[in-house]
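Per-entry structural report
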Amino acid sequence: MTIIIFLGSLMAAMAIGVPIAFSLLLCGAALMWHLNMFDAQILAQNLLEGSNSFPLLAVPFFMLAGEIMNAGGLSRRIVNFAMALVGHVKGGLGYVTIVAAVIMASLSGSAVADAAALTALLLPMMVAAGHDKARSAGLIASAGIIAPIIPPSIGFVVFGVAANVSISKLFMAGIFPGVWLALSLVVTWWWLVRKEVVVPPPRKSAAEVVEALRLATWALVLPFIIVFGLKFGVFTPTEAAVVAAVYSLFVSTVIYRELNFKKLVPLFVTAAKTSAVVMFLVAAAMVSAWLITVANLPAQVVALLEPLLDSPKLLMFAIMVLVIVVGTALDMTPTILLLTPVLMPVVKAAGIDPVYFGVLFIINNAIGLITPPVGTVLNAVAGVGKVSMDEVTKGVVPFMIAQFAIMFLMVLFPQLVMVPARWFY
């Protein structure tokens, strides 16, 4: 009955158009009423405590870093460098998109920001070169979701806080899975464009490649600073977010000189607004998470899934399918915050490594950003690229299938995640 009250109140609130954060609060209030412990003070206290977390400070700083990178010329120089490297091969603009997405993912951690920047920079070029517009938009959307997987990742920060799992280990474990997803896009794009008659741009000379590398060096250094700092304990993930924001601000204003005080103010406002939305979502979800624990919902879910506890791979398959279904209706952050407190006890009872589960869970949620009808990244690409949602959805399907295939391959072979991860621990 408790599970029905929890899901029913949440779905009913969302069905009548209540914003997700307020739906979570209403869901929490309904659970409190059902448990005969309704108290507005407890509700308010848990709402405040939900966002009172030092690790969560990483979220606004990573978002600010992403805004500065896109406006300050770092993203553009990364695209130019990728163009110099692989732009000349058949279907080269698609490979440029994937390479640029991987590099940008290691800078910002925001799928929407990366997808929007890549759409603005590359979609017009791909269409002008003769590539199918829907397919090109689908590739950009699929490449954009690598951002929450390769560190730094806002999704890993939120999951780490909700699940009490080391964020540094999650960051390190996400590197190779992000690369696997990128390689799946490379293979899919190669297969789709092999019969296209598109003349690629001419090959850049060695001098032009070196010049593009020189111009992009300041942007390319940041991922190494973050990984090195986390690996050797120079700073925490939260401090890494501050380093990323300050570094990108310094490069944009002092080195590239593309930003000044007048241009910075709107960027800070945009980052603050986006951070406020995410943090309120986190706070509201923490109310529900606390009540989920009080109502002993995890124990009920463990009891339901008890037949699968002896088969971790089968259990992971079942959980992944559940997350796919939820991901079609909810955005990434609320899905993480709602399902983490319910699923973590099940994962621990089955003896599954929490870091491994976290990586697969975030990959699934990231792919959820391109699954209709809610797909946030799909909406961003459609809006920035002036493409209809139907076209983007049609174009994204083959890439989404390839990424799901890689995800389930990691379920079958956990070594694909954990063996490389331990190289970085």
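See the structure above.
So, here's what we can say about the structure. Position numbers for residues count from 1 along each chain, tracking the sequence in the order it is written. Residue-level local features of this predicted model are given only where pLDDT is at least 70; pairs of side-chain atoms are given and counted only at 80 or more, and the full residue set underlies all totals for whole chains, interfaces and linings. Only hydrogens and water are removed before side-chain values are computed, so all heavy atoms of the structure are retained for them.

1. Thoughts on the overall build of the chain
The way it works is that DSSP assigns letters per residue, a run of H or I at least four long becomes a helix, a run of E at least two long becomes a strand, and they are numbered from the N terminus. Within the chain, the regular secondary structure consists of 21 helices and zero strands. Values of the radius of gyration come from C-alpha atoms, whereas the globule rule sets the reference at 2.2 Å times the count of residues to the power 0.38. Its C-alpha radius of gyration of 21 Å places the chain within 12% of the 22 Å reference for a compact globule of 425 residues. Projected onto its principal axes, the C-alpha positions of the chain cover 70 × 50 × 45 Å. A simple rule labels every residue: compare its accessible area, found with a 1.4 Å probe on the protein chains alone, to the largest value its type can have, and call it buried under 20%, exposed over 50%, or partly exposed in between. For the chain, buried positions account for 54% of its 425 residues. Contacts between residues were defined by any pair of non-hydrogen atoms, one from each residue, lying within 4.5 Å. Considering only intrachain contacts with a sequence separation of at least 6, the fraction spanning at least 24 residues in the chain is 78%. Accessible surface computed for the chain: about 17500 Å², of which carbon and sulfur atoms make up 71%. Counted as positive: Lys and Arg. Counted as negative: Asp and Glu, with His and the chain ends omitted from the count. Every charge is mapped onto a representative atom, which is NZ of Lys, CZ of Arg, CG of Asp or CD of Glu. Side chains of the chain give 21 positive and 16 negative charges; the mean places of these two sets differ by 11 Å. What sets the accessible areas is the Shrake-Rupley method with a 1.4 Å probe; for residues, cover comes only from the shown protein chains.

2. Some remarks on the nonpolar core
Residue types Ala, Val, Leu, Ile, Met, Phe, Trp, Tyr and Cys, when buried and joined through side-chain atoms within 4.5 Å, form a set referred to as a nonpolar core. V59, F159, F357, L360, I370 and V377 are the most contacted members of the largest nonpolar core, which has 142 residues in total. It is helix 14 (residues 261-294) that provides the largest number of residues to this core, a total of 11 residues. Residues within four places of V59 in sequence aside, it is in contact with I154, V157, V158, V278 and M279.

3. Side note on the packing of aromatic side chains
Stacked, edge-to-face and tilted are the three classes for Phe, Tyr and Trp ring pairs, Trp counted by its six-membered ring, which pair at centre distances within 6.5 Å; planes under 30 degrees apart are stacked, over 60 edge-to-face, the rest tilted. According to the stated counting rule, one finds 11 aromatic pairs in the structure shown. A connected cluster of aromatic rings, assembled from ring pairs, spans F62, F156 and F171. Note on geometry: a ring has a charge over it if NZ (lysine) or CZ (arginine) is within 6 Å of the ring centre and within 35 degrees of the ring normal. One Lys or Arg, R77, reaches over the ring of Y256 and ends 3.7 Å from the middle of that ring.

4. Digging into unusual backbone geometry
The linkage connecting P151 with the following residue, P152, adopts the cis geometry, with an omega of 0°. The residue K386 is not glycine, and still its phi comes out positive at about 55°. With respect to the helices and strands, the residue K386 is situated in the loop between helix 19 (376-385) and helix 20 (389-412). Residue classification places K386 among the exposed residues on the basis of a relative accessible area of 69%.

5. Observations concerning the packing of helix 19 against helix 20
All axes are obtained by fitting lines to C-alpha atoms, using only the stretch in contact for helices, and the reported angles, taken between N-to-C directions, cover 0 to 180 degrees. Between helix 19 and helix 20, whose axes approach to 9 Å, the crossing angle comes to 125°. Here helix 19 lies oblique to helix 20, going by the angle between them. Pair helix 19 / helix 20 crosses with right-handed handedness. Along its contact with helix 19, which presents L378, N379, V381 and A382, the element helix 20 presents M389, V392, T393 and V396. For classification purposes, angles smaller than 35 degrees are called roughly parallel, those larger than 145 roughly antiparallel, those between 65 and 115 roughly perpendicular, and all remaining angles oblique. Two helices crossing with the near one rotated counterclockwise from the far one by less than a right angle form a left-handed crossing, whereas a clockwise rotation gives a right-handed crossing.

6. Examining the pattern of salt bridges
Any two side chains of opposite charge can pair, on the condition that their charged atoms come close. A side-chain nitrogen of Lys or Arg and a carboxyl oxygen of Asp or Glu constitute a salt bridge if their distance falls within 4 Å. Using the criterion set out here, one finds three salt bridges in the structure. A salt bridge links E211 to R214; the shortest N-O distance between them is 2.7 Å. Linking E211 with R214, this pair stays in helix 12 (residues 206-231), spanning three residues, or about one helical turn. In the salt-bridge network here, residues are joined through shared partners; they are R76, R77 and E258.

7. Let's talk about a nonpolar patch on the surface
Here the term patch refers to residues with relative accessible area over 30% and no salt bridge, with like charges joined within 9 Å and nonpolar side chains (Val, Leu, Ile, Met, Phe, Trp, Tyr) within 5 Å. Together, W218, F250, V254 and I255 give the surface a local cluster of nonpolar side chains, amounting to about 330 Å² of exposed area. By relative accessible area, F250 is classed as partly exposed at 38%.

8. Digging into the environment of L24
Tracing the sequence through the fold places L24 in helix 2 (residues 20-34). The exposure class of L24 is buried, given its relative accessible area of 0%. Apart from residues lying up to four places away in sequence, L24 is in contact with L10, L281, A284, A285, S288 and L338.

9. Details of the side chain of S252
The topology assignment puts S252 in helix 13 (residues 237-255). Look at S252 and you get buried, because its relative accessible area is 0%. In protein, a polar contact requires one atom able to donate a hydrogen and another able to accept it; more generally it is a pair of N or O atoms within 3.5 Å, and residues adjacent in sequence count only if both atoms are side-chain atoms. A polar contact of 2.8 Å, which involves the side chain of S252, links it to the backbone oxygen of S248. Aside from chain neighbours lying at most four places away, what touches S252 is I68, G72, L74, R257, E258 and L259.

10. Comments concerning the packing of helix 9 (residues 154-163) against helix 18 (residues 354-367)
Across the interface, helix 9 lies against helix 18 with an axial gap of 10 Å and an inter-helix angle of 135°. Taken together, the axes of helix 9 and helix 18 lie oblique to each other. The crossing of helix 9 and helix 18 is right-handed. Taking contact as the criterion, the partners of G155, F156 and F159 in helix 9 are, on helix 18, P354, F357, G358, V359, F361 and I362. Across the contact of helix 9 with helix 18, the residue classes break down as seven nonpolar, two polar and no charged. Following the grouping adopted for this structure description, the nonpolar residues are Ala, Val, Leu, Ile, Met, Phe, Trp, Tyr, Cys and Pro, the charged ones are Asp, Glu, Lys and Arg, and the polar ones are all others, Gly among them.

11. Describing helix 4 (residues 58-71)
Here the expected length of a helix is defined as 1.5 Å per residue gap, with one fewer gap than residues. Helix length check: helix 4 (14 residues) gives 20 Å between terminal C-alpha atoms against 20 Å at 1.5 Å per residue, within 8%. If you check which residues of helix 4 are buried, you get A58, V59, F62, M63, L64, A65, G66, I68 and M69. Looking one or two residues beyond helix 4, the residue adopting positive phi is G73, at roughly 95°.

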